Amino acid sequence: MSKTRPGRFFEDYRVGEVIAHSVPRTVTDGDRALYRALYPTRFALWSSDEFARACGLARSPLEDLAAFHVVFGKTVPDISLNAVANLGYAEARFLLPVWPGDTLTTTSEVIGLKENSSGKTGVVWVRSTGRNQDGEAVMSFCRWVMVRKRDVGAPAPETVVPDLAASIGAKDLVVPAGLDFTGYDFALAGEPWRCGDYEIGERIDHVDRVTIEEAEHMMATRLWQNTAKVHFDVTAREDGRRLIYGGHVISLGRALSFNGLANAQIVAGINAGSHVAPCHAGDTISAWSEVLDRTKIDAPGVGALRVRTVAVKAGTEKPEDGALTLRGDDGKYLPGVLLDLDYWVLAPC
Amino acid sequence: MSKTRPGRFFEDYRVGEVIAHSVPRTVTDGDRALYRALYPTRFALWSSDEFARACGLARSPLEDLAAFHVVFGKTVPDISLNAVANLGYAEARFLLPVWPGDTLTTTSEVIGLKENSSGKTGVVWVRSTGRNQDGEAVMSFCRWVMVRKRDVGAPAPETVVPDLAASIGAKDLVVPAGLDFTGYDFALAGEPWRCGDYEIGERIDHVDRVTIEEAEHMMATRLWQNTAKVHFDVTAREDGRRLIYGGHVISLGRALSFNGLANAQIVAGINAGSHVAPCHAGDTISAWSEVLDRTKIDAPGVGALRVRTVAVKAGTEKPEDGALTLRGDDGKYLPGVLLDLDYWVLAPC
Amino acid sequence: MSKTRPGRFFEDYRVGEVIAHSVPRTVTDGDRALYRALYPTRFALWSSDEFARACGLARSPLEDLAAFHVVFGKTVPDISLNAVANLGYAEARFLLPVWPGDTLTTTSEVIGLKENSSGKTGVVWVRSTGRNQDGEAVMSFCRWVMVRKRDVGAPAPETVVPDLAASIGAKDLVVPAGLDFTGYDFALAGEPWRCGDYEIGERIDHVDRVTIEEAEHMMATRLWQNTAKVHFDVTAREDGRRLIYGGHVISLGRALSFNGLANAQIVAGINAGSHVAPCHAGDTISAWSEVLDRTKIDAPGVGALRVRTVAVKAGTEKPEDGALTLRGDDGKYLPGVLLDLDYWVLAPC
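Residues numbered from 1 in each chain as written. Chains lettered and ligands numbered in written order. Predicted model: local features only at pLDDT ≥ 70, side-chain atom pairs only at ≥ 80, totals over all residues. Heavy atoms only, no water.

Here we take up the packing of aromatic side chains. Applying the stated criterion to the full structure yields 36 aromatic pairs over all chains. Measuring from centroid to centroid gives 6.0 Å for Phe68 of chain A and Tyr89 of chain A, while their planes differ by 65 degrees, and the two rings are edge-to-face. One end of the pair, Phe68 of chain A, is in helix H4 (residues 64–79); the other, Tyr89 of chain A, is in strand S3 (residues 83–94), with 21 residues separating them in the sequence. Tyr89 of chain A carries the same exposure label as Phe68 of chain A, and that label is buried. Aromatic rings pair up to connect Phe68, Phe72, Tyr89, Phe141 and Tyr245 of chain A into one cluster. Above the plane of the ring of Tyr13 of chain B lies Arg8 of chain B, whose end atom (NZ or CZ) is 5.3 Å from the centre. (Phe/Tyr/Trp six-rings, centres within 6.5 Å; stacked < 30°, edge-to-face > 60°. Helix = DSSP H or I, 4+ residues; strand = E, 2+ residues; numbered from the N terminus. Buried < 20%, exposed > 50% of the residue type's maximum accessible area, 1.4 Å probe, protein only. Lys NZ or Arg CZ within 6 Å of the ring centre and 35° of its normal.)

This is the structure in C-alpha cells:
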C-alpha cells in the first residue's frame, strides 16, 4: 500500500464530517520577523510591543493574517491538494489573539457539496476552525474550492449549498480582550485618521508597489506549511510557472494598505474574498481600497471600518477614467485585478 | 603579513591534530522559523512544542539537520575552504537535542590523510564534534574532503586511512532523554504508519517537488555561517554558476520525505552520504526513499528505520522502468541523482 | 482630502524642527536570525551569547548595523521619500546596546537647509536619534539628502549648513557598559590580531564575495521598514531596475570584512559614508579595508581602529596596479566602487 498521501478527491467528502488536520504548529517571534521581511507591514500594533501594551494588550500578538495563513495551511493537504480552484471565502472571524508560543491546530467541517455539471469536479464548502493549545478557537472561516473527482463515474452526492452570510454583522465582530483605543497615539501610528474621518464610498490609492520574487512567495508559503504543489514546482503546471499562493497577495494588499489606512490596526473579519486572476513572480502589485461601511464597536475608543482592498497588477491597460475602478461596464473585473477582499478592520474612533 | 585567512591546504594537516573552529553560534527560535521558511519541513515533533512535550521532551528542539548545518558550518574555514570535493560522511550520530538558546562550537580531529597520486591534492579525514555551552557533545560525524596542496613539491605524509563503520549499529543510536512514543498521536503527526508498517526494501515516492532559487540556498548557507565561496560568488567558478551547499539538498530531501515518512520524527544518525552531482538554482528537486532496515530501540514505543533518501533533479532522462532506481546496469548512479543519503530515523513502533 | 502620505518636500522643512517618526518597532531574536541569513556576518560577539558574556555583556545584543537600519528606516517616510539622493552620513555614534525585546523609535531634528541653484531641489541635513522604550538614546547620526521641491516657485529658505565633524574623536566613542576584552578568546573569535597588530595605512583584501539577489535586499529593506519605493518597485525608476538600499551594501561590506577584521567586534561610530554608485541585484560585491587610525580606549583591554571599508562591484575594469585603490589619478572614485565607509570599531588591544 502506498505510504504517500494522495489528498482527497470530491467523492471523499461527506457533509457533516469533521476533519482534524495534521501537524500542529507553534508560532514564535521568528515568524513575526519573517512576516515583516516578506511583507511591507507597518501597522504599529503588530510592530511594537509597547504600542500594543498602550492599547490594552499584553504585548504584540502574531499578525492576524499570519495566524490566518498558519490555520489555512493546515487545511491544504486535506481540502485543496487536488483543488482546481480556490473559489471564495466567507464568514472569517478572528476570535482570539495568537501569541508567540501558542500552538495552532485546525479542524474543518464539511458544510456543503455540489457536483458540477461536467461530472468531473465538484464544489466542497468547509468551515475551518483554528485552535490554540488550550483548545480555544482563535478564528473560523468558510471557504469553498473546486475539487477533482478521482473517478468520474462516482455517483453525485446530494447537493447541499450552505447559507453563508454576505457579510459579517458588526455586532458579531470579536474585539481582543482589553483593547482600548482611548489613549491611541496617532503620531506613533503614522496617520491622524479616525474611523469617522473616512467616508463611505471613499477610495484610497495606497501608492506603494512591490515587485514579487519567487524566493519570497515560496518562503512565505512554506512558513505556513502550505503544501500545494503549484506554488513550489515548475513542473506541476502546464505553463511551467509557479502560481503564487493567494494568501500571499492578501498579505501584500493588506500591508500596502498601510499608506492611507495606517490606523486600521486589526483585521476582525473577512466578509468575502476572490482571487480574481493568478499572480506570478515578476508581477508588480499595487493596492487601493474602498470604504464600504463604518460603525462603532462596544469597546473603548474602538470603531470598525468595512473595507474592500483591491490588489492590482501594474502595467495592465486601464480604462481612460483610470483610477481605482474594480469592474468594467460589463460588470466583469477589469484586467489586472488580482484580489478583491472585503473585510472589517478595527480602528480608533 | 596578510590578515586574511587563506584556509588550510593539504600539507597543513597532521593526523591526531585537534582543530578548535572559531565563531561560536547561539541558536534561537529565529533559526527555527527560517528553517521552516527555507525547507518544506512538517515533522510534528519539530513543528509543535506541544507535540514534543507529548513525546516526553521539554519542548521542540532545533531541528536535527539545522543543528548539523551549524556544527558543519563551523568547520568550513579550517577544513573545506580549499576543498576540491566533499567526498563523504560516515558515523554521524546525534547525541543530545539542541535547544533554542544553546551556543554551539565545533572541534575536528584529523583522523586520516592520503595524498593522491597526482601529487596535487590529498584526502583529509576528520571527525568533527559539536558541543553546547556546557561542553556536552551534541553530535559527532566523520567527513572526508579532497584538499589542494599549496606546494605540489611538499612531501607526502604517511598514509592513514581510518577504519569507518559502513553503518551505525542500532544499539549505538542515542535516543533523546525522556523520548516516549507510547502516547504518539498519529492523526496529528499526519500519517498512520509505524515502523512495523514499513517493509525492508520498500520504496516510497515522496511526490512533492521544489524548484530552488538562488536567494533561498544562499540565505540557508549563510545562516549556517558556511563560508565556502562557491555557494555565494558567481566569479568563484569557471562556469559562472553558484554551487548549492550539499547540506541544502540534504535538508530538502529530508523535508520532502515527510510525505510517506511523516512519523520518521528524529534523525538519529547518518551512515553515509554522497553528493552525487552538483545542484544549481533553477533545478526542481524530488525525493524518494528506500527502507533499508528496521529495529526496536530501548525507549518506550520507539523504533528505528534505516532509510536511504535519494534527491533527484527533475527533467532528467530516465530508463524505461523509471521509478525509484538509484543506479544503472553499469552500477553507476543514474543521471539526475543528486544525493544518496543513508540514515537512521526514530519513529513510533 | 487624500489619506495617503505624500512625504515631505524641500519647502516643508524648517531648521530647528523636530520630527517624531512613526511606527515604533520591537526587535527580537527573529531579527537577529534574519540578519545572519541575509549577511555573511560572523563576528563572535553578535554570533554567540556566551562570547558576549565573556566580554562583559549580559548577552549578545542586536547587531549594531541592524539597529542602525531600524532607526534609519523610521526616518524614510519623513526625510527621504522624495529624496533624489542620499548624500552622506556623519557623526554616527552608537550609544547603548539594543537588546532583543527593545522597542525603538526615532526622532530627527532638521539642522540644515540649502536650496540648490537649480531651484528645483535642496539639501536637508538632519540629526536622527534612536531611542529605546525607556527613552534612552541608543544612537544618533547626521545625514543629508537632496529633496525635491513640491513647488519650484516656493521661496528659498535661509541657507544653514551645519558644522559637522570630519570624524568622531576617539574620546567621544561610547563603549557598552561592562565591556572587557582582557579575557578575549582570539581562537574563538577567529583571528589572532589585536589593534596593535594593524598598521595605519595597512590595506586588507577581505577576499570573499557575494552575488546579490533581489529577494535578499528586499527582505532586508522591508525588515527595517524602509519604505522608499525605488527598492521594491520596478516601475518606480526609468531604468526599470530596483535600486538596492545603500544600507544593504554597508552591511554586506561590514560582514565581508570579517575575513581580516574578525576582532573588529563593535561598530562604535561612523565618521562618513558615501554611496558612490548604485548597486543592483546580480552585482557581485567584494570589500577591502584601510586602517586609518588606532587608539586605546578607556575600557579594559579595549582599543579602537578607525577603518575605511570599500565595497566594490566585481567585473569592473581596474587600473594596472589594481589592488585596493579607491580613487584614480584624477581624484575620482574608480569605476566599481560602490561604498566608501569611514568608521570606528572596538577591538581587543
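So, next bit.
On to the environment of Gly331 of chain B. Residues and elements named next belong to chain B. With respect to the helices, strands and loops of the structure, Gly331 is situated in the loop between strand S11 (302–313) and strand S12 (337–348). For Gly331, a relative accessible area of 35% gives the class partly exposed. As a C-alpha pair, Gly331 and Lys114 span 217 residues in sequence and 26 Å in three-dimensional space.

Turning to the relation of the copies chain A and chain C, a few remarks are in order. In screw terms, the move from chain A to chain C is a rotation of 120 degrees and a rise of 0.0 Å along the axis, fitting with an RMSD of 0.0 Å. Here the transformation between the copies is reduced to the relation of a three-fold axis. Relative to the rotation axis, the closest C-alpha in chain A is found at Gly30 of chain A, a distance of 2.3 Å. Here only 10% of the interface residues in chain A have copies in chain C that are interface residues too; the copies meet through unlike faces. (Least-squares fit on C-alpha atoms with pLDDT ≥ 70 in both. Contact = heavy atoms within 4.5 Å.)

Before going further, it helps to spend a moment on the pairing of strand S5 (residues 121–131) of chain A. All names here are of chain A. For S5, the buried fraction is high: 9 of the 11 residues fall into the buried class. Where strand S4 (residues 103–115) and S5 come together, 10 bridges link them in antiparallel fashion. Following the sheet pairing, Glu115 is matched in S5 by Gly122. Connecting the antiparallel pair S4 and S5 is a turn made up of 5 residues, with Gly119 showing a positive phi of about 75 degrees. In terms of strand pairing, S5 meets strand S6 (residues 137–148) through 11 bridges, oriented antiparallel. Residue Thr129 lies in a different strand from S6, and its bridge partner there is Ser140. Hairpin remark: S5 followed by S6, antiparallel, with 5 residues in the connecting loop; positive phi at Gly135, about 80 degrees. (Pairing = 2+ DSSP bridges.)

Assignment of secondary structure puts Asp31 of chain A in helix H1 (residues 29–38). Of the polar contacts made by the side chain of Asp31 of chain A, one reaches the backbone nitrogen of Thr28 of chain A; its length is 2.8 Å. Those residues in contact with Asp31 of chain A that sit more than four places away from it in its chain are Arg25, Thr26, Leu62 and Leu223 of chain A together with Ala33 of chain B. (Polar contact = N/O pair within 3.5 Å; in protein donor to acceptor, adjacent residues only side chain to side chain.)

A separate point is the interface of chain B and chain A. Taken together, the 42 residues of chain B in the interface contact 33 residues of chain A. Around 3,100 Å² of area is buried between chain B and chain A when both sides are counted, 57% of it from carbon and sulfur atoms. If you sort the residues of chain B by the area they bury against chain A, Arg36, Ala37 and Arg42 of chain B come out on top, with a joint share of 20%. For the pair chain B and chain A, the number of links is 4 salt bridges. A salt bridge links Arg222 of chain A to Glu216 of chain B; the shortest N-O distance between them is 2.7 Å. For the pair chain B and chain A, the number of links is 20 residue pairs in polar contact (both at pLDDT 80 or more). Going through the elements one at a time, helix H1 (29–38), helix H2 (44–47), helix H3 (49–54), helix H5 (186–189), strand S7 (203–205), strand S8 (210–211), helix H6 (214–223) and helix H8 (258–261) of chain B are the ones with two or more residues in the side of chain B that touches chain A. With 7 residues, the top contributor of residues to the side of chain B that touches chain A is H1 of chain B. Residue classes in the side of chain B that touches chain A are distributed as 20 nonpolar, 9 polar and 13 charged. (Buried area = accessible area lost by both parts, 1.4 Å probe. Salt bridge = Lys/Arg side-chain N within 4 Å of Asp/Glu carboxyl O. Nonpolar A, V, L, I, M, F, W, Y, C, P; charged D, E, K, R; others polar.)

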